[in-house]
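Summary of the model geometry
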Amino acid sequence: MKLFALAALAAAVVGLGACSSDTDTDTDNPTDPTPTNPEFTVAKSGSTFQYDQFVLTGTAASPTAAPNGSGVATVGANAIVGERTAQVIFDAFLSAANEPSLDTNQYHEAGGVLSKWYRIGSPALGNLPAIVAGKAWVVASHPTLSSWTALDTTISNVSFTYSGVPLTGTVKMKIMGNKVGTPDVTVDGKTISTVHTRFNVEASIQSEVPFIGPISISLAFSEEHWFGKNVGLVRYERLPFVLPATPPIIPAPQDIPGRRIVLKAYVLAP
């Protein structure tokens, strides 16, 4: 189920399930698959990035940030991912409660277009266990467009269980990307030119549950990225949102906290 996508939920709420490769999807990304003159994926294998981590509560318009540990990202060797050459980054975070989370992120850059290999899955929601649906390349930053469709997909026959009963559902997900600005960011005394972008995500799953009938769970949330030229990810935020009630699966609305990570130091391998 494509309800929450991203490692953000792994550290901020609960762990994401692994995504099956046979359900991977792609998107009409406005990009040439041949890398040319990379600006954001130049960090070589062995480069390291240190981040501070925060949990975000309240509203998306006015979130409150509280420190929640830190993490280290390490650049690995490039790999072929979704038929593209990708920069591979391994993340290891430890929350303030000493809860570890591990994740792998992949990026592809071509002609100034930066794409992210986007995890499509869901943690447990109410009485609904975690559901997995795949991955897709989505455009995270575009050099000439102010807005773009990063993903618009429907997946049928997604398997999951509810109260031990095997079910199938139809998943829909739409991600609209837009450019917010190009601010300069200071990290460890260094001024970095960045591009700030936002994902506005809408997702749903529909299914027929025995003795309950048809269910439809929908939600919307936003994610933001700051990518530094000649550096990589400088800042990330998934803003807090409200998960609507869907009785009896989700008996009442739930406040879902967000996550912020901020680069505090980095070492680029030669």
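Read on for a plain summary of the structure.

Calculation notes
Residues numbered from 1 in each chain as written. Predicted model: local features only at pLDDT ≥ 70, side-chain atom pairs only at ≥ 80, totals over all residues. Heavy atoms only, no water. Helix = DSSP H or I, 4+ residues; strand = E, 2+ residues; numbered from the N terminus. Buried < 20%, exposed > 50% of the residue type's maximum accessible area, 1.4 Å probe, protein only. Contact = heavy atoms within 4.5 Å. Areas by Shrake-Rupley, 256 points an atom, 1.4 Å probe, with all protein chains shown as cover. Phe/Tyr/Trp six-rings, centres within 6.5 Å; stacked < 30°, edge-to-face > 60°. Pairing = 2+ DSSP bridges. Salt bridge = Lys/Arg side-chain N within 4 Å of Asp/Glu carboxyl O.

1. Considering the overall build of the protein chain
- When you go through the protein chain residue by residue, the secondary structure sums to one helix and 17 strands.
- Sorting the 270 residues of the protein chain into buried and exposed places 49% on the buried side.
- Restricting to contacts in the protein chain with at least 6 residues of sequence separation, those with at least 24 account for 61%.
- When the accessible area of the protein chain is evaluated, it comes to approximately 11800 Å², of which 53% is carbon and sulfur surface.

2. Structural notes on the environment of asparagine 78
- With respect to the element layout, asparagine 78 can be found in the loop between strand 3 (63-75) and strand 4 (79-81).
- Assessed through its relative accessible area of 55%, asparagine 78 is described here as exposed.
- The sequence separation of asparagine 78 and tyrosine 107 amounts to 29 residues, and the corresponding C-alpha distance is 9.6 Å.
- Setting aside anything within four residues of it in sequence, one finds asparagine 78 in contact with Thr85, Ala86 and Gln87.

3. Quick word on the packing of aromatic side chains
- Enumeration according to the criterion identifies seven aromatic pairs in this entry.
- Taking 6.2 Å as the distance between ring centres and 20° as the angle between the ring planes, the aromatic pair formed by phenylalanine 49 and tyrosine 266 counts as stacked. Here the residue phenylalanine 49 occupies a position in strand 2 (residues 48-58), and tyrosine 266 occupies one in strand 17 (residues 258-267), the gap between them amounting to 217 residues. Accessibility assignment for this pair places phenylalanine 49 and tyrosine 266 in one class, buried.
- Ring centres of tyrosine 107 and phenylalanine 227 lie 6.0 Å apart, and the angle between their planes is 80°; this geometry places the pair in the edge-to-face category. Pair noted here: tyrosine 107 is in strand 6 (residues 100-110) and phenylalanine 227 is in strand 13 (residues 213-228), with a separation of 120 residues, a long-range link.
- Relative accessible area serves as the criterion here: at 6%, tyrosine 107 is assigned to the buried category.
- Note on phenylalanine 227: relative accessible area 2%, which makes it buried.

4. With respect to the pairing of strand 10 (residues 165-181)
- Two elements, strand 9 (residues 147-162) and strand 10, share 13 bridges in a ladder whose sense is antiparallel. Among the inter-strand pairings, serine 159 is bridged to a residue of strand 10, identified as threonine 168.
- Here strand 9 folds back onto strand 10, and the loop between the two strands holds two residues, one of which, serine 163, carries a positive phi near 55°.

5. Regarding the pattern of salt bridges
- Applying the stated criterion across every chain yields a total of six salt bridges.
- We note a salt bridge from aspartate 103 to arginine 119, for which the minimum N-O separation is 2.4 Å. Here aspartate 103 is found in strand 6, whereas its partner arginine 119 is found in strand 7 (residues 113-122), with 16 residues between them in sequence.
- Using a relative accessible area of 12% as the deciding quantity, one classes aspartate 103 as buried.
- Residues glutamate 237 and arginine 260 are paired through a salt bridge, measuring 2.6 Å at the closest nitrogen-oxygen approach. Note that glutamate 237 is positioned in strand 14 (residues 232-238) and arginine 260 in strand 17, a separation of 23 residues in sequence.
- Looking at glutamate 237, the relative accessible area reads 5%, which means it is buried.

6. As for unusual backbone geometry
- A cis geometry characterises the amide bond from proline 247 onward to proline 248, with omega recorded as -5°.
- Assignment of secondary structure puts proline 248 in the loop between strand 15 (241-243) and strand 16 (254-256).
- A positive phi angle, near 70°, is found at phenylalanine 211, a position not held by glycine.
- The topology assignment puts phenylalanine 211 in the loop between strand 12 (190-209) and strand 13.
- By relative accessible area, phenylalanine 211 is classed as exposed at 91%.
- For asparagine 230, which is not glycine, the phi dihedral falls at a positive 65°.
- Within the secondary structure, asparagine 230 sits in the loop between strand 13 and strand 14.
- Classification of asparagine 230 by relative accessible area gives partly exposed; the value is 49%.

Function-wise, these values are silent; they only describe arrangement.
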